[in-house]
Amino acid sequence: MLALNINNKEIKNFYKQESDRIKSSFIQGMKEIKEMQSGQRQEQDLKSFLDD
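Residues numbered from 1 in each chain as written. Predicted model: local features only at pLDDT ≥ 70, side-chain atom pairs only at ≥ 80, totals over all residues. Heavy atoms only, no water.

Student: Can you walk me through the overall build of the chain in this structure?
Tutor: A count of helical and extended segments in the chain gives two helices and zero strands. Over its C-alpha trace the chain gives a radius of gyration of 17 Å, far above what one expects of a compact globule, namely 10 Å for 52 residues. Considered along the principal axes of its C-alpha atoms, the chain spans approximately 45 × 25 × 10 Å. Burial analysis of the chain (52 residues in total) assigns 2% to the buried set. Within the structure as shown, the chain displays about 5,300 Å² of accessible surface, and the carbon and sulfur contribution to it stands at 54%. Computed over 9 positive and 9 negative side-chain charges, the separation of the two mean positions in the chain equals 10 Å. (Helix = DSSP H or I, 4+ residues; strand = E, 2+ residues; numbered from the N terminus. Rg over C-alpha atoms; globule rule 2.2 N^0.38 Å. Buried < 20%, exposed > 50% of the residue type's maximum accessible area, 1.4 Å probe, protein only. Areas by Shrake-Rupley, 256 points an atom, 1.4 Å probe, with all protein chains shown as cover. Lys, Arg positive; Asp, Glu negative; His and termini not counted. Charge placed at Lys NZ, Arg CZ, Asp CG, Glu CD.)

This is how it looks when you write it as structure tokens:
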């Protein structure tokens, strides 16, 4: 586990925001993988994904 002590409020808020964003993306990605494995979601190419 990494511990980080940040005394600058702006940097602390930025780090927390980015950390939360990355965590949310990871969790969402794991859900999508499970949906693909169960057949609820189909694989698609990047262009189709971005068009949606």
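Student: So what exactly am I meant to see when it comes to the pattern of salt bridges here?
Tutor: Side chains that differ in charge, positive against negative, can pair when their charged atoms come close. A complete count under the given rule lists four salt bridges for this structure. With its nearest N and O atoms 2.8 Å apart, the salt bridge here joins Glu18 to Arg21. Linking Glu18 with Arg21, this pair stays in helix α1 (residues 9-38), spanning three residues, or about one helical turn. (Salt bridge = Lys/Arg side-chain N within 4 Å of Asp/Glu carboxyl O.)

Student: When you look at the environment of Glu18 in this model, what are you seeing that I'm missing?
Tutor: In this structure Glu18 comes out as partly exposed when scored by relative accessible area, which is 23%. In the structure, Glu18 is positioned 32 residues away from Leu50 in sequence and 22 Å away in space, judged by C-alpha atoms. At a separation of 2.8 Å, a polar atom in the side chain of Glu18 contacts the side chain of Arg21. (Polar contact = N/O pair within 3.5 Å; in protein donor to acceptor, adjacent residues only side chain to side chain.)

Student: How do you make sense of α1 when you look at a structure like this?
Tutor: Spanning 30 residues, α1 covers 43 Å between terminal C-alpha atoms, matching the ideal 44 Å at 1.5 Å per step. At the N-terminal boundary of α1, the capping side chain belongs to Asn8, with an oxygen 2.9 Å from the backbone nitrogen of Glu10. (Expected span 1.5 Å × (residues − 1).)

Student: So what exactly am I meant to see when it comes to a nonpolar patch on the surface here?
Tutor: On the surface, Phe26, Ile27, Met30 and Ile33 cluster together into a nonpolar patch covering about 370 Å² of accessible area. Among the secondary structure elements, Phe26 is positioned in helix α1. Since its relative accessible area comes to 54%, Phe26 is described here as exposed. (Patch = residues over 30% accessible without salt bridge, like charges linked within 9 Å, V, L, I, M, F, W, Y side chains within 5 Å.)

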